[in-house]
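# An overview of the molecular structure
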Amino acid sequence: QVQLVESGGGLVQPGGSLRLSCAASGSILRINTMGWYRQAPGKQRELVAAITSGGSTNYVDSVKGRFTISRDNAKNTVYLQMNSLKPEDTAVYYCNANAVSYHRMYDYAYWGQGTQVTVSS
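Keep in mind the model is a prediction, meaning the values are calculated, not measured.

### Considering the side chain of Arg66
- Among the secondary structure elements, Arg66 is positioned in the loop between strand 6 (57–59) and strand 7 (67–72).
- A polar contact is formed between the side chain of Arg66 and the backbone oxygen of Ser84, at a distance of 3.0 Å.
- Apart from the residues within four sequence positions on either side, Arg66 is in contact with Gln81, Met82, Asn83, Ser84, Leu85, Lys86 and Asp89.

See the structure below:
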């Protein structure tokens, strides 16, 4: 079993910055891709950014140039640096890890509890 805990969300003015963190713990054998998703009320959940174990990244077009995803494999932690925030970025942000655990010996998508990001003046 793998647990993901997000932190770093909050209220910020347009143009401001936030840094989200997600730490994975538990019976981890291997973490492959990690990513951040977001969902606003009444809207479909969307992939914001993802990063592989080797460091390859991809982003949704709307955040390119503003957001940066990174990871610390030694700490089983993924980060999302969000700059130049816009009201359209307001959503609950969820951490995802595609991982293999000792008790579930196959690739499985684990999810964090979500952290609220609100961009408003």
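### Topic: the pattern of salt bridges
- In this structure the tally under the stated criterion is four salt bridges.
- With a closest N to O distance of 3.0 Å, Lys64 and Asp61 form a salt bridge. Of the two residues, Lys64 and Asp61, both sit in the exposed class.
- Measuring nitrogen to oxygen at the nearest pair gives 2.8 Å for the salt bridge that ties Arg66 to Asp89. Highlighted residues: Arg66 in the loop between strand 6 and strand 7 and Asp89 in the loop between strand 8 (77–82) and strand 9 (91–101), separated in sequence by 23 residues. Of the two residues, Arg66 and Asp89, both sit in the buried class.
- In the salt-bridge network here, residues are joined through shared partners; they are Arg38, Glu46, Arg66 and Asp89.

### As for the sheet that holds strand 1 (residues 2–7)
- Strand order across the open sheet formed by four strands is 1-3-8-7, with antiparallel pairing between neighbours. Looking at the sheet topology across the chains shown, the edges are occupied by strand 1 and strand 7. The mean inter-strand angle of the sheet, taken between neighbouring strand axes irrespective of direction, is 15 degrees.

The rules behind the values
Residues numbered from 1 in each chain as written. Predicted model: local features only at pLDDT ≥ 70, side-chain atom pairs only at ≥ 80, totals over all residues. Heavy atoms only, no water. Helix = DSSP H or I, 4+ residues; strand = E, 2+ residues; numbered from the N terminus. Polar contact = N/O pair within 3.5 Å; in protein donor to acceptor, adjacent residues only side chain to side chain. Contact = heavy atoms within 4.5 Å. Salt bridge = Lys/Arg side-chain N within 4 Å of Asp/Glu carboxyl O. Buried < 20%, exposed > 50% of the residue type's maximum accessible area, 1.4 Å probe, protein only. Pairing = 2+ DSSP bridges. Axes fitted to C-alpha atoms, helices over the stretch in contact; angles between N-to-C directions.

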